[in-house]
Amino acid sequence: MINDVRRIIVNAVKRLGIEAPFVEFEIPREEKFGDLATPVAMPLSKQLKRPPRSIAEDIVKLIGKEGPFEKIEIAGPGFINITFKGEYLCSELKGLLSKKEGYFRQDLGNGRRIQIEFVSANPTGPLHLGHGKGAAVGAALSNLLTAGGYRVEKEYYINDAGRQVRMLGLSVFARYQQLLGIEYPFPEDGYRGDYIEDIARKIIELHGNRYSEMGFQEAGVFFIDFSYKAMLSDIDRDLKDFGIIFDSWQSERDLYARSEVEKAINDLRSRGCLYEENGALWFRSTDFGDDKDRVIIKGDGEFTYFASDIAYHRMKVERGFDEIVDIWGADHHGYIPRVRAVIQALGHPAEHLKVLLVQMVTLLRGGKPVQMSKRAGEFVTLKEVIEEVGADTTKFIFLTRRPDSHLEFDLEVAKEQSSENPVFYVQYANARINSIFANAREKGIEAGEFEGIDFNLLSTPEELRIIKKLLAYTMTFEGAVIAHEPHRITFYLQELAGLFHPYYNRCRVITDDKELSRARLALCEAIRVVLKDGLSILGIKAPERM
RNA sequence: GCCCCCUUAGCUCAGUAGGAUAGAGCACAGGUUUCCUAAACCUGGGGCCGCAUGUUCGAAUCAUGCAGGGGGCACCA
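Residues numbered from 1 in each chain as written. Chains lettered and ligands numbered in written order. Predicted model: local features only at pLDDT ≥ 70, side-chain atom pairs only at ≥ 80, totals over all residues. Heavy atoms only, no water.

Asker: Would you mind showing me how to read a negative patch on the surface here?
Answerer: On the surface, a cluster of negative charge is made up of Asp454, Asp512, Asp513 and Glu515. Accessibility expressed as a relative area gives 32% for Asp454, which makes it partly exposed. (Patch = residues over 30% accessible without salt bridge, like charges linked within 9 Å, V, L, I, M, F, W, Y side chains within 5 Å. Areas by Shrake-Rupley, 256 points an atom, 1.4 Å probe, with all protein chains shown as cover. Salt bridge = Lys/Arg side-chain N within 4 Å of Asp/Glu carboxyl O. Lys, Arg positive; Asp, Glu negative; His and termini not counted. Charge placed at Lys NZ, Arg CZ, Asp CG, Glu CD. Buried < 20%, exposed > 50% of the residue type's maximum accessible area, 1.4 Å probe, protein only.)

If you want it as structure tokens, here you go:
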């Protein structure tokens, strides 16, 4: 629908003798303004130094009788408001039914390759709720961009080198000794969760007291490896239970093993971006807008984490992605300038890397915050929440907000099976449609074929409103892809369900009038197509029955 | 001290490449079921878009300042 209109408008603008800008569309707030509006004349006003209304008039004049428009008029400061012919809406609806999701798919990515890195939680503890939000957002964004014509790769970066996993190993080692009745000091900033003891117990199960006589010096390699691998497999399982599959897992150790860190440093050195000072090796990130320069190799010869991050991001750009997306917790925002500096130092534009920050989640139970203390190792894990409210609900709630705004997650509301719970509201619309079709089959109305249906029978205000909403899905989809914002789909689905339920209540689909019933069934089918598509982008099931 | 994010209805939040009289859900008040799932629907009240100045024909949206909330500053990870 929009593409037809866009073509017509672009042609008209060109005949004014100027380049057409990207033509935006919106659904007018009030129905009396028509079905579709574009403010395209307004930005042209500056360029042409003429009032927007007069430009809009010219555009409308140039369009003339072209296009499937019942009415096309100028309103407000210079909007061009369009009302479609009924028959056009019918034929578009027919197109949606025959092409299904192909109707609103657009190739916006043009096959461009894009890597999305997300979750990437340290393998030093179980995934908590915040990781879950990153996971839901990352997976939905991947689905969205794939549907929008990008070639997407989802990657998880494993911090399996350095101090953190070492601390994990030491924590487990301490618990191991203690479980065997040997006094052993627990490290000051060690990991205190119960899972540490679980791992230690597992080691005893498999290897008994073989390591009890050793110091951490000697047993460390084993404890570190065993522990982080155990954590990683828990993480992997939690993600799978959450319905999230990665295409690749990049290990930090692997970057060292393959000399990628060394290569990256040499690369930066040859570009003149490094210098030595006080016995340390620095990256001059201030050349690219960072607050201060950053250390890559410390005075004691150790690499900082930033060193492997440089290697990692260098590898990302070398692998030829057209765009790189990193999804991070908001507490890492201070890291953006230095990583961006790396991208630029390597000769790529800063926009090549897009960092999406995911804000925190506050867990509520019955309106009251659930206390979490990271120090004591007490936090609510993703796994616990999935077990309590289900993976689909959890994902949907994560996607009902912009990722960069705080989210309040109320467990009681999430479990509610009523319209108070937006997930149920949307899924129930789909289930309800299925049950209408079941009913139709019982009454002997063939619902499978939509040939020869008289769509003009769909003439109530509710029906027209729904048809227009369905056709507008293309716009929502397009906007979501361009902005990289899956939550727009979530909002759309809630609105669509919000049109369907009242319609269901007001108009019977299956009546004695067979032709009318078939037309209404077709409308329901179209709603189902869109609901299913939207939900699948969000990574959420569309249950047939609830 | 410096940097980033947030501030929109009682609550939770949409809306920001500037555009029409600022929206939704929940909560609140009242109503609806001989009918495909009442797990639903209808009606209603509700706003200094944190404050101030500026840019503009036009600002919730842009700029500057201030206030409040959150996060971050390292040869930590």
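There's plenty left to go through after this.
Asker: What's the story with the protein's contact with RNA strand B in this structure? I'm lost.
Answerer: In the region of RNA strand B, 61 residues are neighbours, and Gln164, Ser419, Tyr428, Ser435 and Arg508 sit closest. Expressed as a percentage, the sugar and phosphate content of the atoms of RNA strand B within 4 Å of the protein is 64%. In the model, a base nitrogen of RNA strand B is placed 2.6 Å from a nitrogen or oxygen of the Met546 main chain. When contributions to the surface near RNA strand B are tallied by element, the ones reaching two or more residues are helix 2 (41–48), strand 3 (79–84), helix 6 (163–179), strand 8 (280–283), strand 9 (294–297), strand 14 (407–410), helix 16 (422–442) and helix 18 (487–506). Considered class by class, the residues forming the surface near RNA strand B number 25 nonpolar, 15 polar and 21 charged. (Near = heavy atom within 4 Å. Polar contact = N/O pair within 3.5 Å; in protein donor to acceptor, adjacent residues only side chain to side chain. Helix = DSSP H or I, 4+ residues; strand = E, 2+ residues; numbered from the N terminus. Nonpolar A, V, L, I, M, F, W, Y, C, P; charged D, E, K, R; others polar.)

Asker: Sorry, what's going on with the pattern of salt bridges here?
Answerer: Pairing between side chains of opposite charge can happen when the charged atoms of each approach one another. Evaluated as defined, the whole model comprises 37 salt bridges. Where Asp225 meets Arg253, a salt bridge forms, and the shortest distance between an N and an O atom there is 3.0 Å. You can see Asp225 sitting in helix 8 (residues 216–241) and its partner Arg253 sitting in helix 9 (residues 252–257), a full 28 residues away along the chain. On the accessibility criterion, Arg253 (30% relative accessible area) is partly exposed. With its nearest N and O atoms 3.0 Å apart, the salt bridge here joins Lys240 to Asp236. With Lys240 and Asp236 both in helix 8, this residue pair falls four residues apart, about one helical turn. With a relative accessible area of 24%, Asp236 lands in the partly exposed category. Because the salt bridges share partners, they merge into one network encompassing Asp254, Arg258, Glu260, Lys263, Asp267, Arg271 and Arg314.

Asker: Hey, could you run me through the packing of aromatic side chains in this one?
Answerer: Describing an aromatic ring pair means giving the distance of the ring centres and the angle of the ring planes. For the coordinates displayed, the defined rule picks out 28 aromatic pairs. Judged by centre distance (5.1 Å) and plane angle (25°), the ring pair of Phe84 and Tyr88 falls under stacked. Judged by its relative accessible area of 4%, Phe84 falls in the buried class. Three or more aromatic residues joined by ring pairs form one cluster here, namely Phe173, Tyr176, Tyr184, Tyr211, Phe216, Phe222, Phe223 and Phe226. (Phe/Tyr/Trp six-rings, centres within 6.5 Å; stacked < 30°, edge-to-face > 60°.)

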